[in-house]
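The residues making up each chain are set out below.
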Amino acid sequence: MENDFLPLLNNSSFTRINQFIHAYNIPGLHDKLLPFKNGIVTKFVEEIEEYRKKGLYNIELDDDLEWKVNDFTYQLVKKYYDIGEERCSYSRMGAYVQDNTESTYILHNHVGIRGLTTMVATMYIDPMETKEEGGGLFVHFPEKIINTEIGVLKDWIYLIPAYVGHRPIKQTSPKYRVCLNWTLEGRTKPLNLLSGDAW
């Protein structure tokens, strides 16, 4: 089956927010994701309590979308990073939904039990349009680096090292905002081919 997300990579571009936050503009990505929003929100509302009993805050995506977005994100990472590909694997894409009543603002990272997770990628469906509405991403850095709040945008993917703490920002808008998130495991520090940042 053809992955119709992959052609979007041809027009992708890299922005270095700082040494720990890399952002990629993917024109057209939000339009591809938006038709899946209602199904993701419905599944989240119906199933999230069962996931939370297992200590999980993301739901799994339906298979058709999951493999496309997983593969798309992996190809993006391979385009911009040296990841020691022969020893890599990646997680299933998860989905986290919030509005002004539903959210979990826990500062966390994605190092994992085995300590092999190297990077985290997030992308958003219907993010908030103003800072006052909240719904962005707070990133907590190691010493001497200023903590950063990102007002996340449509058509952007954000990558951070797995060991960096982060959490969603509380939302004032009742509109559902969907965060899709993905992690990469490997035994090689990812090296950005444009900036030289190594995680």
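Residues numbered from 1 in each chain as written. Predicted model: local features only at pLDDT ≥ 70, side-chain atom pairs only at ≥ 80, totals over all residues. Heavy atoms only, no water.

Trainee: Can you help me understand empty space enclosed by the protein in this one?
Mentor: Here the structure, examined in full by the defined rule, presents 1 cavity of 30 Å³ or more. What the largest cavity holds in volume is close to 40 Å³. If you go around the largest cavity, the residues you meet are Val120, Ala121, Thr122, Leu137, Tyr158, Ile160 and His166. Listing elements by their share of the lining of the largest cavity, those giving two or more residues are β7 (117-125) and β10 (156-161). Counting residues per element, the lining of the largest cavity draws most heavily on β7, which supplies 3 residues. (1 Å grid on protein atoms, 1.4 Å probe; cavity = no way out; pocket = protein on both sides within 12 Å on 5 of 7 lines; lining within 4 Å. Points joined across faces, edges and corners; volume = space filled by probe spheres on them. Helix = DSSP H or I, 4+ residues; strand = E, 2+ residues; numbered from the N terminus.)

Trainee: I tried to follow the layout of surface pockets on my own but got confused; where do I start?
Mentor: A probe matching the size of a water molecule, rolled over the atoms, marks out where space remains unfilled. Here the largest pocket is characterised by a volume of approximately 740 Å³. For the largest pocket, the lining is made up of 27 residues, of which Tyr57, Asn58, His108, His110 and Asn181 are closest to its centre. Elements supplying a minimum of two residues to the lining of the largest pocket: β3 (59-60), β6 (94-98), β7, β11 (165-168) and β12 (177-185). Among the elements that line the lining of the largest pocket, the one with the most residues is β12, at 5 residues. In this structure, the second largest pocket occupies an estimated 190 Å³ of space. Around the second largest pocket, the lining comprises 14 residues; the ones closest to its centre are Lys131, Gly134, Gly136, Ile150 and Gly151.

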